[in-house]
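Commentary on secondary and tertiary structure
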Amino acid sequence: MTVTEPAGIADRGDPATAALAVQNLELAYEVRGVPREVLRDVTFQIRPGEAFGLVGESGCGKSTTAYAALRYLPDNAVVQGGAVLANGVDILKMSNSQLREFRSTQASMVYQDPVQAMNPALKIGRQVAECYQILGQSKSEAMASAGDALRRVKIADPVRVLDRYPHQLSGGMLQRVVIAMALTGDPKLLVLDEPTTGLDATVEAEVLDLVRELRSETNAAILLIAHNLGVIRSMCDRVGVMYAGRIVEEGNAQVVFDNPEHPYTKGLLNAIPRQGVRKTDRALFTIPGNLPLIGTPLPTCVYVDRCPLADDVCRTQVPPVVPVGEGHWSRCHHIDRLAQITEPDAQITEYDIGTDNVIQLNGVSKTFRQRGHDVPALVSVDLGFHEGETLGLVGESGSGKSTLAKTLLGIHSPDSGGNITLRGREMKSKATDRIAESTRAISMVFQNPDSALNRMWTVRRILKRTLTKLTDVQGAEADRRVEELAEAMRLSPRHLDMRPRQLSGGLKQRVAIARAFAGSPDVVVCDEPTSALDVSVQAAILNLLANLQNDERTSYLFITHDIGVVRYLADRIAVMYLGRIMEIGSTDVMFSEVNHPYTEALLSAVPSVDGEAENRIPLTGEIPSPANPPSGCVFHTRCHRVIEGLCEVTEPEMQEISPGHRIKCHLTIEQLSVPVEIKESATLATLAD
Amino acid sequence: MFRYVLRRLALSLITLLILIAVIFLLTRVFPSDPARQLAGPFGSQERVDQLNRDLGLQDPMITQFGRLLRDVVTLDFGESYSQPGERVLDLIRPRLANSAKLVLFALILTLPLSIVGGIIAARKKDTLLDRTIVNIGLASSSIPEFVSGVLLQYIIGVKLGWLPAVTNIPDDASLITELRYLLLPALAIVFVYFGYIARITRAGTITALDADYTRTAYMKGLSTRSVVRKHVLRNSLQPTVAVTGTQIGYLFGGLVGLEVVFNYPGLGLLILNAATAPDFPLLQAGVITVAIIFMLCTLGADILIAYMNPRARMNLKESS
Amino acid sequence: MSDDVDVPLEGDPTGGVAASEALATEAIPEAAVVGVDASTERKQVRKERRQLLLRSPGFLFGFSILVMWVLCAAVPSWFTKWGDNEVVRVDGSVIPRVSPRADAWFGTDKIGNDVFARIIYGARPVLIVAVTAAVLAVAAGTLLGLTVGYFRGWVDEVIGRIIEALLSIPVILLAIMVLTTLGRSQTVIILTIAVLFIPVVTRTVRSAVLAEAQLDYVTSAKLRGENSLFVMTREILPNVTGVAVVELTVRIGYAIFTVATLSFLGLNAGDSSAADWGRDLGKQYDTIQAGQWWAAIFPALAIALLVIGVNLVADSLDRVNKS
Ligand SMILES: Nc1ncnc2c1ncn2[C@@H]1O[C@H](COP(=O)(O)OP(=O)(O)O)[C@@H](O)[C@H]1O
Ligand code: SF4
Ligand code: SF4
Ligand SMILES: [Mg+2]
């Protein structure tokens, strides 16, 4: 099955001098005694100082490759062939002590979830200093070096951080610490596996800034894995696109993203809402089907089951590596036919949005009591949305988005004073006290379908129960309706008798959406419904939501941290910070007119696949605790446009700067239009107490 | 940390209070007539009334409960019914010491063995060695301690004659002699606890070995030995500590059967005798003593865990 | 629920050490099973579980032991010609204290009963008491755990404290206290053990329920207006029955342990001459000193074998439950 190395990749350079050269790596995981192929003939090189990105949907083998690069493989992994060279030495053949030496001085790794990566029982200082002790420093020397290391990753107060335990630090701060540890001894190779996944966009941007800066400082080669293609584009020189354990396209990152030369790459890129595309412009491109199971024998093109161009040649012959440009190649039989993959048409050009508010929140506040302290999570929120409208809700984590949703749903009862009305009629604050009509009118799609669906119930039971509970439809009629509902969600009838465990993530989310629509609700709250899904699946879900909305004239409250998604789907966008709405306006206006300083920073934080000009406004420091919000304008502690003497004293009023576009800031449009000076270097991270 | 200890202590006291109430109810609510029992079947009714008055058995329940609380605080439980003239506390003290000796000795034998066994099993997960340790542990800890006591007594004490079969320790015994006498019952305890603690340790160690921070430690270039010693153990032994804490509590007083087999004058036997006599002050005091020891042991274990794992100090509520 | 560490022992301590034996990286994608017909798929899952059980030597061994004892309890007369307290006579004369031999496999005891027959007959009382007590305890504990875990609040606080308090005394001591005051009919013994096991079952179920109640499907049910009873019994309960079943097997093990101990201490019910392993052991172990081991050692082995059997089954069920 291994293909002989074609001439096309000969210009990769000398593997002996590469910081990392993975050569024809074949790797399998043994499951119940059977080896199942995971990496298929993986070959790539990273030169010293170069950054190489690896993209592909989850399960395609990216992490396995990353771990193989440091030979940290699970017990059931079997290397079936190939080599992993670091500076010409095959690490798969190293002795244990050589390997330790290699890990301590030559290479290191940073991965997702910094909280788990640190030992909860030991102080930061001890863990960082340990890296230096391995290099032979004495305890006190190592501790001093640890302080320097933290300073190097721009931690403002290293001495205090060293004295803390991991659980006392934020995720962003911990990731800096992990990076500091990885940099010990100036490694020649830095492997980063989803280093910013799970962090807020603003924090992600800071961490990426830091990595970029350190890279130019240390000249380390980088292997970066990220599911966010924008991150790869902004960070990497070259990129490899992986599918089912095989690299199907490789080339200069910008070139690959601008002109993909493989059907899979093209599919991935088209699935992302980008270049400001809106739901009214076109539907999102989806890749039907699923990644093949690990161990599936794939004697032909790995992508053949899902490729729109697949024909008999693809089914019978392994595609060759075809050079398509300078250091750019693709593994496909039909590169010439790529243009036949067309973008989907506009699905619905006109969305019919009503003028009456279906739901109206008037002065809604929510204060939690925590250990005797008042924690205001929502502060006097006024918000209404129209029939058939999508209201996007964005903000960093902790800004109150979910509290707003839960208050609307009646999971939390708001403080007295405000009220929520449904078509002009006030609703009871607790879900259990609401009349049937209000219960039917509002439903929810949760972030994590695994948690949202009862594992022991079949899909049919889940849908039928919801339907009969919320509507008058009963009996055989209900069964029929359930089948219709499933069909509308593009679930096949056989899915109805499955339990959630038997469905893929995308299908589960469809079931959750079906349930949310069972009672023909007026409003559906979607709390990050696609953030746990791969982009191709996300695209299908977003298309589905858009279509359903148009058919049913449902309103969405759509919470997300993905600006691309909110821009695609939302008609209006509200930006929240510390429980307050800082800005609200129609999507068009939000992306064309001036913004609130917070929005400005938020929007600039996101690296884009399209590679728009980098113009990042750094947000300094961490989001303050809602228990102790800053005086005056709550954003003043982090604002880049702060007016000294005013903002920290007086809280600004909402001002309408154009019809329907409101901003909570003291500045005028003119003042806001003045471009801000952008600091070049990464910002210091300070402890939030 | 200090605040944690205080909060934890307060919780223990509340629990103890509830427990004393439960014990009080158990010995008072059920139909029985202590005064009649004390006076004997042929005692006159006057004598019974007199006793009832003396012992305050006809006071309102709440008064009686208050008296019991006072007794606990002052550690003075009055006189024994079954051995008139003896202070309850004086009866308990030597028994407590005996139990402590046995438990301590058993722990010294069990803990190192089972912790090492558990760690080895975890490191060699799913191998024959692991399965062997786990299954031996499961089997041995399934056998009630008085059953293994009898088996050991027969094989080692009687058949082989290596060790004394009953623990009638001579008064002037040296420490070595004393330990020789204690070895058989202690081995019976090892039997039960080896499997238990080894399995807990194994599970904790597997979790810790799989944790991301262990990966971080490997990636730093540490050797397996250092990874285990510096990063794994500190986390993996927390469940072991917790369990050991509760089990020490159970060992005091929970070993009634074993004490019967070896005729060992520990707390369990005392409580059994007090219950059958019946001797209520002695019974109450005995059980409360066991409970207090349990509280102290779990308190100690929790403090140790809080020391090992700073995060544990935060979620006191969840851990209860 | 503890992992595979939940070995029957007095009082079941911490109640939960989770050993994640998960894959080193991400789980095998759910896509794994998409495309297979639903009912076949479900059957397959069940079949796989069954196979997993049948392939585990521990389960097979434990299960055979249980089958053997249950048969003994159900139809003792299949296995021995003697009645349970019938005195063995050879040629018309009683033969007490004979060592194991062809016409008395396990020998005879002080009185002259056939020890083998006593072992066969002894299975019934211990099984009846232990299983009934465990079933009652798990039923009540599951209900209570479900209720307090779902509603939380001050009731949960109070019950939690009481449970904590009760768990701080070895079950055997509490049982001794209750039985010496209340007398010892079989019913009292069963109820006592059942009641004393409720706290620990409650704690186990409660923590499983707490984990479930945080999941979004519960929120979703509340949002569509389901009442608490429905959420508890239809939504949450099916998801904690696995835990409850494992708990049941574990509790049966503990109950046998406790019943045997009580009998050993002489605190058992019924006719004092009826066969009962614990009591036989208690009455006969003094003959060990005289070298007459059989009358005590065989009941001891019988107890040990039964508990080992139950625990092997409990352990395998737990393991399969988690895989
Ligand atoms: N230890 C393992 N045993 C069996 N299968 C595994 C193991 N680790 C990962 N896999 C499987 O191997 C495939 C590739 O996984 P991974 O490298 O983590 O992909 P990615 O990082 O791209 O998401 C997936 O199907 C994953 O479920
Ligand atoms: S080789 Fe064929 S199936 Fe594979 S990507 Fe190219 S066109 Fe598609
Ligand atoms: S009011 Fe002041 S601090 Fe607040 S956003 Fe405007 S400029 Fe910044
Ligand atoms: Mg991965």
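Residues numbered from 1 in each chain as written. Chains lettered and ligands numbered in written order. Predicted model: local features only at pLDDT ≥ 70, side-chain atom pairs only at ≥ 80, totals over all residues. Heavy atoms only, no water.

1. Structural notes on the overall build of chain C
Convention followed: Only DSSP runs of H or I reaching four residues or more are called helices, and only runs of E reaching two or more are called strands; each is numbered from the N terminus. Note on classification: 1.4 Å probe, protein chains only; a residue is buried when its accessible area is under 20% of the maximum for its type, exposed when over 50%, partly exposed between these limits. Note on definitions: a residue-residue contact is assigned when non-hydrogen atoms from the two residues lie within 4.5 Å. Here the open area of atoms and residues is found with the Shrake-Rupley method and a 1.4 Å probe, where only the protein chains shown may cover a residue.
Across its full length, chain C holds ten helices and two strands. Scanning chain C from its N terminus toward the C terminus, one meets helices and strands in the order α-α-β-β-α-α-α-α-α-α-α-α. Taken over 323 residues, chain C has a buried fraction of 54%. For chain C, contacts bridging at least 24 residues in sequence account for 73% of all contacts bridging at least 6. Of the accessible surface of chain C, which amounts to about 12800 Å², a share of 64% is contributed by carbon and sulfur atoms.

2. Description of empty space enclosed by the protein
Inclusion rule: Here the term cavity refers to a set of points on a 1 Å grid, laid over the protein atoms alone, in which a 1.4 Å probe fits but cannot get out; the term pocket refers to an open set having protein on both sides within 12 Å along at least five of seven lines, with lining residues being those that place an atom within 4 Å of a point. Grid points are joined across faces, edges and corners, and a volume is the space filled by probe spheres set on the points. Three classes are used, and their members are as follows: Ala, Val, Leu, Ile, Met, Phe, Trp, Tyr, Cys and Pro are nonpolar, Asp, Glu, Lys and Arg are charged, and the others, Gly among them, are polar.
Each pocket or cavity is described by its volume, and for the largest cavity that value is around 170 Å³. Taken together, 16 residues make up the lining of the largest cavity; nearest its centre are A:Ser108, A:Met181, A:Ala182, B:Met219 and B:Lys220. Only helix 2 (96-106), strand 6 (107-111), helix 4 (124-134) and helix 7 (171-182) of chain A together with helix 9 (212-219) of chain B provide two or more residues apiece to the lining of the largest cavity. Classifying every residue of the lining of the largest cavity gives nine nonpolar, five polar and two charged. Every residue along the wall of the second largest cavity is listed here: A:Thr439, A:Ile442, A:Ser443, A:Met444, A:Phe446, A:Thr466, A:Leu470, A:Arg515, A:Ala516, C:Ser220, C:Leu223 and C:Arg224. Residues of the lining of the second largest cavity, tallied by class, amount to six nonpolar, four polar and two charged.

3. Things to note about helix 7 of chain A
Residue and element names in this part refer to chain A. The line we're drawing: Given a helix with a known number of residues, its expected span is that number minus one, times 1.5 Å.
Over its twelve residues, helix 7 runs 16 Å from end to end, which matches the ideal 16 Å to within 8%, given 1.5 Å per residue. Taken across its twelve residues, helix 7 has eleven buried, putting it largely inside the fold. For helix 7, every residue scored as buried is listed here: Gly172, Met173, Leu174, Gln175, Arg176, Val177, Val178, Ile179, Ala180, Met181 and Ala182.

4. Describing the interface of chain B and chain C
When the parts of a complex come together, some accessible area is lost, and that lost area is often used as the size of the interface. Here is the rule: Summed over both partners, buried area is the accessible surface (1.4 Å probe) that two parts give up on being assembled. By definition here, a salt bridge exists when the distance from a side-chain nitrogen of Lys or Arg to a carboxyl oxygen of Asp or Glu is within 4 Å. By the criterion applied in these results, polar contacts are pairs of N or O atoms within 3.5 Å in which, for protein atoms, one can donate a hydrogen and the other can accept it, and in which residues neighboring in sequence qualify only through two side-chain atoms.
With 67 residues of chain B at the interface, the matching set in chain C holds 59 residues. With both sides pooled, the region where chain B packs onto chain C buries about 5500 Å², and carbon together with sulfur makes up 74% of that total. If you look at where chain B meets chain C, you find one salt bridge. Of the charged contacts in the structure, one is a salt bridge between B:Arg199 and C:Asp315, with a shortest N-O distance of 2.8 Å. Inspection of the region where chain B meets chain C yields five residue pairs in polar contact (both at pLDDT 80 or more). Broken down by secondary-structure element, the contributors of at least two residues to the side of chain B that touches chain C are helix 1 (2-29), helix 6 (128-142), helix 7 (145-159), helix 8 (175-210), helix 11 (238-254), helix 12 (256-261), helix 13 (267-276) and helix 14 (280-308) of chain B. Of the residues forming the side of chain B that touches chain C, the biggest block, eleven residues, is contributed by helix 8 of chain B.

5. What about the domain arrangement of chain A?
Residue and element names in this part refer to chain A. To keep it simple, the criterion reads: An automatic or database domain assignment is the source of the domain bounds shown.
The domain architecture assigned to chain A consists of domain 1 (7-106 + 188-196 + 220-275 + 301-333) and domain 2 (595-678). Taken over C-alpha atoms, the centre of domain 1 sits 40 Å from the centre of domain 2. Taken together, the contacts link eleven residues of domain 1 with six residues of domain 2. At the surface where domain 1 touches domain 2, the tally comes to zero salt bridges. Among the elements that make up the side of domain 1 that touches domain 2, the one with the highest residue count is helix 9 (residues 229-235) (five residues). Class assignment for the residues of the side of domain 1 that touches domain 2 results in five nonpolar, four polar and two charged.

6. Re unusual backbone geometry
Backbone geometry follows two general trends: most residues other than glycine have a negative phi, and most peptide bonds adopt the trans configuration. Phi is positive for A:Asn87, close to 50°, though the residue is something other than glycine. Classification of A:Asn87 as partly exposed rests on a relative accessible area of 34%. One non-glycine residue, B:Asn263, lies in the positive phi region at around 50°. Relative to the assigned elements, B:Asn263 resides in the loop between helix 12 and helix 13.

7. Let's talk about the side chain of A:Ser108
Mapped onto the fold, A:Ser108 is located in strand 6. Discounting chain neighbours no more than four positions away, the residues touching A:Ser108 are A:Leu70, A:Ala182, A:Pro187, A:Leu189, A:Leu190 and A:Val191.

8. Let's talk about the nonpolar core
One recurring pattern in soluble globular proteins: nonpolar side chains tend to sit buried together. Spelled out, the test is: The nonpolar core is taken to be a set of buried Ala, Val, Leu, Ile, Met, Phe, Trp, Tyr and Cys residues, with the residues joined through side-chain atoms within 4.5 Å.
Core analysis: the largest hydrophobic core is formed by 135 residues, its most contacted members being B:Val147, C:Trp69, C:Ile176, C:Ile193, C:Trp277 and C:Leu281. No other element matches the 15 residues that helix 10 (residues 294-322) of chain C contributes to this core. When sequence neighbours within four positions are dropped, the list of residues in contact with C:Ile176 reads B:Val256, B:Leu272, B:Ala275, C:Leu265 and C:Leu267. Among the nonpolar cores identified, the runner-up in size contains 113 residues, and A:Ala69, A:Leu208, A:Val211 and A:Ala221 belong to it.

9. Remarks on the pattern of salt bridges
All names here are of chain A. This structure, assessed with the given rule, holds 59 salt bridges over all chains. Arg480 serves as the salt-bridge partner of Glu484, at 2.5 Å between the closest nitrogen and oxygen. Residue Glu484 and its partner Arg480 are both found in helix 17 (residues 475-488); the two are separated by four residues, about one turn of the helix. Taking the relative accessible area as the measure of exposure, Glu484 reaches 34% and is therefore partly exposed.

10. Considerations on the site of ligand 3
Keep this limit in mind: Throughout this document, a residue counts as near a molecule or strand when at least one of its heavy atoms sits within 4 Å of that molecule or strand.
Around ligand 3, a shell composed of A:His596, A:Pro597, A:Cys633, A:Phe635, A:His636, A:Cys639, A:Arg641, A:Cys647, A:Pro652, A:Cys665, A:His666 and A:Leu667 is seen. Broken down by class, the residue content of the shell around ligand 3 amounts to eight nonpolar, three polar and one charged.

11. Brief notes about a positive patch on the surface
Put simply, the rule is: Patch membership requires over 30% relative accessible area and the absence of a salt bridge. Like charges are linked within 9 Å, and nonpolar side chains (Val, Leu, Ile, Met, Phe, Trp, Tyr) within 5 Å. Residues counted as positive are Lys and Arg, residues counted as negative are Asp and Glu, and His and the chain ends are not counted. Charge placement uses NZ in Lys and CZ in Arg. For Asp and Glu, CG and CD serve respectively.
Where like charges cluster on the molecular surface, the positive patch consists of A:Arg126, A:Lys139, B:Arg225, B:Arg229 and B:Lys230. The residue B:Arg225 is located in helix 10 (residues 224-236) in this model.

12. Points about the pairing of strand 22 (residues 580-586) of chain A
Residue and element names in this part refer to chain A. Keep this limit in mind: A pair of strands counts as paired when DSSP detects no fewer than two bridges linking them.
Burial analysis of strand 22 places six of its seven residues in the buried class, the great majority of the element. As judged from the six bridges shared by strand 21 (residues 572-577) and strand 22, these two strands associate in the antiparallel manner. From the neighbouring strand, Arg572 faces strand 22, where its bridge partner is Ser586. What sits between the antiparallel neighbours strand 21 and strand 22 is a turn of two residues, in which Leu578 has the positive phi angle 45°. With two bridges joining them, strand 22 and strand 24 (residues 661-664) adopt antiparallel strand pairing. Residue Glu583 lies in a different strand from strand 24, and its bridge partner there is Ile663.

13. As for the pairing of strand 2 (residues 34-46) of chain A
Counting buried positions along strand 2 of chain A yields ten of 13 residues, so the element is predominantly enclosed. Remark: two residues form the turn of the hairpin made by strand 1 (residues 20-31) of chain A and strand 2 of chain A, two consecutive strands paired antiparallel; A:Arg32 in that turn has positive phi of roughly 45°.

14. Side note on the confidence of the model for chain A
Detailed reading of the predicted coordinates is not advisable wherever pLDDT is low. Residue and element names in this part refer to chain A. Put simply, the rule reads: A score between 0 and 100, pLDDT records how confident the predictor is in each residue.
On average, residues of chain A carry a pLDDT of 89, and 96% of them reach 70 or more. Mean pLDDT in chain A bottoms out at helix 8 (residues 201-218), which sits at 87, and peaks at strand 3 (residues 51-55), which reaches 96. Taken together, the stretch residues 1-8 has pLDDT below 50 and engages in twelve contacts with residues farther than four places along the chain or on a different chain.

15. Re the sheet that holds strand 4 (residues 77-86) of chain A
All names here are of chain A. One open sheet holds the four strands; their spatial order is 2-1-4-5, and the pairing between them is antiparallel. Sheet topology places strand 2 and strand 5 (89-90) at the edges, where each strand pairs with a single neighbour. Relative to strand 5, strand 4 is paired through two bridges, and the arrangement is antiparallel. Following the sheet pairing, Ala86 is matched in strand 5 by Val89.

16. With respect to the packing of aromatic side chains
Residues and elements named next belong to chain A. Our working definition: Ring pairs are drawn from Phe, Tyr and Trp, using the six-membered ring of Trp, whenever the two centres fall within 6.5 Å, and their geometry is named by plane angle: stacked under 30 degrees, edge-to-face over 60, tilted for the rest.
Taken as a whole, this structure holds 23 aromatic pairs over all chains when the rule is applied. Here Tyr264 and Tyr303 contribute two aromatic rings whose centre-to-centre distance is 5.1 Å and whose plane-to-plane angle is 65°, an arrangement assigned as edge-to-face. Of this pair, Tyr264 sits in helix 11 (residues 263-271) while Tyr303 sits in the loop between helix 11 and helix 12 (312-316); the two residues are 39 residues apart in sequence, bridging distant segments of the chain. You'll find Tyr264 and Tyr303 in the same group, each marked buried. The interplanar angle of 90° and the centroid separation of 6.4 Å between the aromatic rings of Phe517 and Tyr556 together place this pair among those described as edge-to-face. One end of the pair, Phe517, is in helix 18 (residues 505-517); the other, Tyr556, is in strand 20 (residues 555-559), with 39 residues separating them in the sequence.

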